[in-house]
Amino acid sequence: MPRSKKFRRARLIVIVLVVLLVAGVGYGGYRGVTAVRASFPEVDGSVKVAGLSAPVDVKRDANGIPQLYADTPEDLFRAQGYVQAQDRFWEMDVRRHITAGRLSEMFGDSQVETDSFIRTMGWRQVAQKEFDTQLAPETKKYLQAYADGVNAWLGEHPGGERASLEYALLGVVNGDYKPEQWTPVDSVAWLKAMAWNLSGNLQEEIDRSLLAQDFSPEKIAELYPEYPYAANGTIVKTGTVSGDTYRQADGSGQPAAGAPGTTTQGAAATKAMLKDVTDRIDAMPQLLGRQGQGIGSNSWVVAGTHTTTGKPLLANDPHLGPGLPSVWYQMGLHCRTTSAACQYDVSGFTFAGMPGVVIGHNKDVAWGFTNLGADVTDLFLEKVTGPETYQVDGKDVKFELRKETIKVAGGEDRTITVRTTQTGAPLISDQSTEQQNVGKYAPNGTSAPDRGTGGYGVALQWTALSPGKTMDAVFELDRAKGWEDFRNAAKDFAVPAQNLIYADAKNIGYQAPGVIPQRGKGDGTYPAPGWDSAYQWKKDAVPFTALPWSLNPPSGYIVTANQAVVDPSYKYLLTRDWEYGTRAKEITDQIELKLKNNGRISPDDMKEMQLDNTSILAKTLVPLLLKVQIDDPYVREAQDLLKDWNNYHQDADSAAAAYYNGVWRQLLSLSFGQKFPADLRAKDNCLLVRRQTDPTKPDSSTQIVTECGTRDPGKAQPDGGDRWTEVVRQQLQKPDSSWWTYIDSDHKEQKGLDNLLAEAMKNARQDLTALLGKDVSTWSWGRLHKLTLREQTMGTDDSSIASGAVHRLLNRGPYRLSGGSAAVDAAGWNAAAGYEVDWIPSMRMVVDLSDLDASRWVNVGGASGHAFHANYNDQTDLWLKGDLLTWAFSPDAVEKSAKHKLVLTPG
């Protein structure tokens, strides 16, 4: 649908407004600054908040991080809602419109397709069911108190007045918009967005299917190799499952005393249809980063017997997409007197719009998260036989149908019909139109029904589309007093499936939680044939009691960095698409090195390990590059940069790291990118490729042509992440592999590893010269590897009210970064698209169980969501340097660090 003239004209108006507002001079500039400051929160004095039973103290440090003190949990969470709304209401408002599929009401017709996709999945409906049928009465009470606090603040800012600069911008193009009252379901629904971004191998299913158009199953298997269990290990030593009870293999499991099948059916599935589905996924808002695999996190915990403090140390740094405001919100929630009636004394990271603390510690225990990577999504190809029917086991069955009306600011309403299978899987190929949008090719398999003129539909089965109790788990974690409380909380943590690490004063532990499906036939590798009921999910998920856990392992430490949890001897299938353990192995090796000769690990050691930017593959690849004979002195000058690069550190000021990563990018392009179909490669990435003159005839002749990619750059392949590290590592052992056949710049086909490495070094020299200049002594990795923190809530320049000029005022950066995609310091970049950083350690924390006030933390941005507030991104420089803030927790420490004190009083 074309954008309305009103919205197009508004671009110029918005630019003029912001220039006057922020950069104006004289009286106009003064009024502009005053207007911006009017939205800043009150942080001193007192304000009345309806519904409070007693005063609540809000103490903020110099970074604006609030610590709340109340007498009852209801007052505590009501105050949390009020304070988060002070800092982040615009962000909260946009987020709830995302999860409800109502962005078009704010931003117009550019968001209709996004809304259609989310409405088709029904995030808001599921959240409503969770609230109505699943959550504990206590949880509902706290959610309502939080909503009341948000609405108390909103009552002071009717219609968004003086609420945020963004409302002024929005008002220029959508003057009719007024924010609604906050509801408890608005908070619950955000869990669906978090689950979506961490939902497993959906993209891998699509990519394998698209690759199957050009490659055999054997060649695809080389691109998705088996996890290297022997080399990189697993999170826990695989125990046994007796009945449905998991028994750990590496210890007694008792707390310390006194402690608080693969199928290729559909592998060649409907190419155009799958491309359409992935394009819709790419268009989804990326407030947490790219969906699915490729984005990981680090966490590890070390027992007190191995630390300098004598108590456990726990570190965590989740890797998510960069942006402003920060994904995370730092906060402390304290009952003035902890008791059975008021049990909360907790501090950590949470999300704006959600009560409680998601990651952090209370006075007894600490915990961290990394993505488990369990396969909790499956695509099903459906034989649609009519507007209301589809085929299962040769018989027509009816879809469940519902209508959804999407209201569009500045345009006409849009009504869509959502069709859902009897297993609860929505037909996502219907997502943006009332008609199916399917492609040209039927899947393989003699049992497949004919696609007919309508083609196959694609349905999404996903555990998050069933109501769960994850919101219960958040509150249960916050008040946990020991290992059993922690495990009970994990039992309710349904989605997203996460690796949970644990520490108290005497114990360390790990628990795999989450609703993980049991399949009939198939293993989730490729889209499954929905017309065969044998492929449907079983009624019951993997029992929680059977999920892996570990308590006080003999090693004295636990590392989770998205590697395999267990080996293939484990009874249940968790996934076949683990991350490949590069970061986990590096962290483990560093811990072992520290512990060698009875050494001990300090809090500073934990921090330094988070900053390890070593390229593990460079240890193998650089010696091979140096052995290649290069005759051209122009290229040899760049090759020589690698001679003294012995530590393989990817420092921002390293010329060698810049050239190595340039070679890595070219290697991937020559060996894999040239051979991939266009719909896996980045838009406008044009390569020399060999293609058949007549694709409909397998035996037709081939020719070399220039072909440009069509995929969103953020999801293009080969992206150079952890999987590609393992793919290349394995192929380097085969110098004559067919992957080393490539087309050179003279349009000639060449073969052999050495030749390809020489070509990659030549191409990298040319690429970096164009980007950084001829003088290699001036090169640096940070000049290529840049991070821009972009304001996320107003969308991209092509799909929002904001122009590029507005974004330049709201964004921060670019910053020059160390690190790399498969490094512990995971400043990820997509080698198929360029060098720009697109995922990062979104926060870092180190918890010291010997003295909680000695714990440290940092956020990538800041506490405030107000673009020109002092706390908007005041932690960014610290984060860039790898520094951490002191994390005050005890009442005395919080009081000492407090720079602002606000009292919320009953009103």
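Residues numbered from 1 in each chain as written. Predicted model: local features only at pLDDT ≥ 70, side-chain atom pairs only at ≥ 80, totals over all residues. Heavy atoms only, no water.

A. Quick peek at the overall build of the protein. Helix and strand counts for the protein stand at 26 helices and 34 strands. Looking at the protein as a whole, 63% of its 907 residues qualify as buried. (Helix = DSSP H or I, 4+ residues; strand = E, 2+ residues; numbered from the N terminus. Buried < 20%, exposed > 50% of the residue type's maximum accessible area, 1.4 Å probe, protein only.)

B. View of the state of the cysteines. Using the criterion set out here, one finds two disulfides in the structure. Each sulfur of the disulfide joining Cys 686 and Cys 708 lies 1.8 Å from the other. Disulfide Cys 686 to Cys 708: torsion about the S-S bond roughly 95°, handedness right-handed. Residue Cys 686 is found in strand β23 (residues 686-692), and its partner Cys 708 is found in strand β24 (residues 702-708); the two are separated by 22 residues along the sequence. (Disulfide = S-S within 2.5 Å.)

C. Fine view of the sheet that holds strand β34 (residues 900-906). As summarised here, the arrangement of the eleven strands in space is β1-β34-β2-β3-β8-β9-β10-β11-β18-β19-β21, forming an open sheet in which the pairing is mixed. Bordering the open sheet on either side are β1 (45-49) and β21 (549-551), each of which pairs with just one other strand. When the angles between neighbouring strand axes are averaged without regard to direction, this sheet yields 15°. Bridge count between strand β11 (residues 366-371) and strand β18 (residues 498-503): six bridges; the pairing is antiparallel. (Pairing = 2+ DSSP bridges. Axes fitted to C-alpha atoms, helices over the stretch in contact; angles between N-to-C directions.)

D. Fine view of the environment of Val 894. Among the structural elements, Val 894 can be located in helix α26 (residues 891-897). Taking the relative accessible area as the measure of exposure, Val 894 reaches 2% and is therefore buried. Counting along the chain gives 562 residues from Val 894 to Gly 332, while the straight-line C-alpha distance between them is 9.6 Å. In this view, Val 894 contacts Lys 59, Gln 67, Tyr 69, Ala 888 and Phe 889; residues no more than four positions away in its chain are not counted. (Contact = heavy atoms within 4.5 Å.)

E. Structural view of helix α15 (residues 483-492). Listing the buried residues of α15 in full gives Trp 483, Phe 486, Arg 487, Ala 489, Ala 490 and Asp 492. Buried residues belonging to α15 abut β11, α14 (470-478), β18, β19 (508-511) and β21.

F. Main features of the side chain of Asp 115. Its location among the elements puts Asp 115 in helix α5 (residues 112-121). For the buried Asp 115, which has no salt bridge, the nearest side chain bearing the opposite charge is Arg 119, at an N-O separation of 5.8 Å. Dropping the residues within four chain positions of it, Asp 115 is found in contact with Gly 101, Arg 102, Leu 103, Ser 104 and Ile 406. (Lys, Arg positive; Asp, Glu negative; His and termini not counted. Salt bridge = Lys/Arg side-chain N within 4 Å of Asp/Glu carboxyl O.)

G. Summary view of the pairing of strand β12 (residues 377-386). Burial runs high along β12: nine of the ten residues are buried. For β12 and strand β17 (residues 456-462), the ladder comprises seven bridges, and the chain directions are antiparallel. Looking across to β17, one finds that Phe 380 is bridged to Ala 459. In the sheet, β12 pairs with strand β20 (residues 528-529) via two bridges, with the strands oriented parallel. Its bridge partner being in β20, Phe 380 is matched across the sheet by Ala 528.

H. Local environment of the packing of helix α20 (residues 655-671) against helix α22 (residues 753-772). Interhelical geometry of α20 versus α22 gives an angle of 125° and a closest axis separation of 8 Å. The pairing of α20 with α22 is recorded here as oblique in orientation. In this structure, α20 meets α22 at a crossing whose hand is right-handed. Contacts between α20 and α22 pair Ala 658, Tyr 659, Gly 662, Val 663, Arg 665, Gln 666, Leu 667, Leu 670 and Ser 671 from the former with Leu 756, Leu 757, Glu 759, Ala 760, Met 761, Asn 763, Ala 764, Arg 765, Asp 767 and Leu 768 from the latter. (Parallel < 35°, antiparallel > 145°, perpendicular 65-115°, else oblique. Left-handed = near helix turned anticlockwise from the far one by under 90°.)

I. Here's a closer look at the packing of aromatic side chains. Summed over all chains, the structure comprises 44 aromatic pairs. Judged by centre distance (5.2 Å) and plane angle (40°), the ring pair of Phe 89 and Trp 153 falls under tilted. Taken together, the positions of Phe 89 in helix α3 (residues 73-100) and Trp 153 in helix α7 (residues 137-156) put the pair 64 residues apart, joining distant regions of the chain. With a relative accessible area of 2%, Phe 89 lands in the buried category. The buried category is assigned to Trp 153, whose relative accessible area is 3%. These aromatic residues form a ring-pair network of at least three members: Tyr 246, Trp 483, Phe 486, Tyr 502, Trp 549, Tyr 570 and Tyr 572. One cation-aromatic arrangement involves Lys 59 over Tyr 69; the distance from NZ or CZ to the ring centre is 5.3 Å. For the cation-ring pair, Arg 723 lies above Tyr 224, with the distance from its terminal atom to the ring centre recorded as 4.0 Å. (Phe/Tyr/Trp six-rings, centres within 6.5 Å; stacked < 30°, edge-to-face > 60°. Lys NZ or Arg CZ within 6 Å of the ring centre and 35° of its normal.)

J. A look at unusual backbone geometry. The omega angle of the peptide bond from Leu 324 to Pro 325 is -5°, so this bond is cis rather than trans. At the junction of Gln 717 and Pro 718, the peptide bond is cis and its omega measures out at 0° in the coordinates. Within the element layout of this structure, Pro 718 appears in the loop between β24 and α21 (722-731). A positive phi is found at Asn 552, a non-glycine position, where the angle reads about 50°. Residue position: Asn 552 is located in the loop between β21 and β22 (557-560).

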